[in-house]
Amino acid sequence: MITALLAFAVLGQKGPKPAELVSRMMDHYASANALSGKLTYVQTAQGPDESGKLQVYSARGETQVQVERPNKIYVFQVMDGHDDNMNPTKVKARIVSNGSRFLYAVPMKFDVPYEELRENVNQGGQVLKVGDIYNIGGSGLIVKPAPLDVAIGRTEDLKLFRDQIVSLEDQGQDTINGQTVHLIGGDWREYASAPTSAKYQIAISDAGDLLRYITKEKVADPSGKLPPVDVTTTWNVDIKVDGTLDESLFTDKDLTPPTNGKNSGS
């Protein structure tokens, strides 16, 4: 499998057991005909304020995902955010494809209302697949997390995931939702040529399910007046492979073609 080659080509040198587990996880999702579930997100940041008092901030969110290959996909995100007056609010974004047409959120900008574009899956004879649609619509998501990239299994995203993992360490076992999982961790970077900037840990079941993904990093204060802030991002993953799908999620009134026959969107 292409995903196995991606994993072993770089990761196998660090230890066969962690490399095999990562490769198995990547193949588990990339070879699935269908998948469904959700990812929950918690990010905490803590550091001293100007008076030296420790402050802790947190944000939460959830991403629902459902895929039926070759070209049906549903991604719906709800995340903590702020309105124009910096009041707490919920921010939403989505990608929906019924196999013929798809919609996706336009990348968010301040002072611009939420907007969606619509396109045909068949674009001049080229029929887009799930990975293609996810690549187009991903720019409009609030966040495009590594666990979602792994679940969708687009080759370019898997390459990025591979390149972000600098080292592989066997960190023992844990129990998550009643399942025994293998913990693998080490150094993390943003892309292949970037310096190491964080620590990561992933939790993988014997079946190849990714159940948790954590990154820990220090973020510098732009003003340089305060010490770096410790930021921990945790994605808890509950995605089932080849299980029962809710076909209604792929159906949306906004996917109905315009009556004039013209395609809207880019």
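Residues numbered from 1 in each chain as written. Predicted model: local features only at pLDDT ≥ 70, side-chain atom pairs only at ≥ 80, totals over all residues. Heavy atoms only, no water.

Trainee: Residue-level account of the overall build of the protein, with values.
Mentor: When its secondary structure is counted, the protein shows five helices and 13 strands. Taken across its 266 residues, the protein has 42% of its residues classed as buried. A fraction of 52% describes how many contacts in the protein between residues 6 or more apart in sequence connect residues 24 or more apart. Total accessible area on the protein is roughly 13900 Å²; 50% of this is exposed by carbon and sulfur atoms. (Helix = DSSP H or I, 4+ residues; strand = E, 2+ residues; numbered from the N terminus. Buried < 20%, exposed > 50% of the residue type's maximum accessible area, 1.4 Å probe, protein only. Contact = heavy atoms within 4.5 Å. Areas by Shrake-Rupley, 256 points an atom, 1.4 Å probe, with all protein chains shown as cover.)

Trainee: Residue-level account of the environment of leucine 210, with values.
Mentor: Following the sequence through the fold, leucine 210 ends up in strand 12 (residues 210–219). Sequence separation between leucine 210 and valine 150 is 60 residues, and the spatial gap between their C-alpha atoms is 8.9 Å. Aside from chain neighbours lying at most four places away, what touches leucine 210 is Met25, Tyr29, Pro147, Ile202, Ala203 and Val237.

Trainee: Can you explain the nonpolar core? Please cite residues and give values.
Mentor: Across soluble globular proteins, nonpolar side chains have a tendency to be buried as a group. Counting 43 residues, the largest nonpolar core has Val22, Met25, Val65, Ile73 and Phe161 as its most contacted members. With six residues, helix 2 (residues 16–30) is the single largest residue contributor to this core. Each residue touching valine 65, except ones within four places of it in the same chain, is listed here: Leu35, Ser36, Gly37, Leu39, Tyr74, Val75, Leu148, Ile152 and Ile239. (Core = buried A, V, L, I, M, F, W, Y, C linked by side-chain atoms within 4.5 Å.)

Trainee: Now, about the confidence of the model for the protein: what can you tell me, with residues and values included?
Mentor: Residues with a pLDDT of 70 or more make up 86% of the protein, whose mean pLDDT is 88. Element-level mean pLDDT values for the protein span from 50 in helix 1 (residues 2–11) up to 98 in helix 3 (residues 130–137). Note on residues 12–16: pLDDT is under 50 here. Beyond four places in sequence and across chains, it has four contacts. Within the model, pLDDT remains below 50 along residues 260–266, and this stretch shows 13 contacts once partners closer than five positions in the same chain are excluded. (pLDDT = per-residue confidence, 0-100.)

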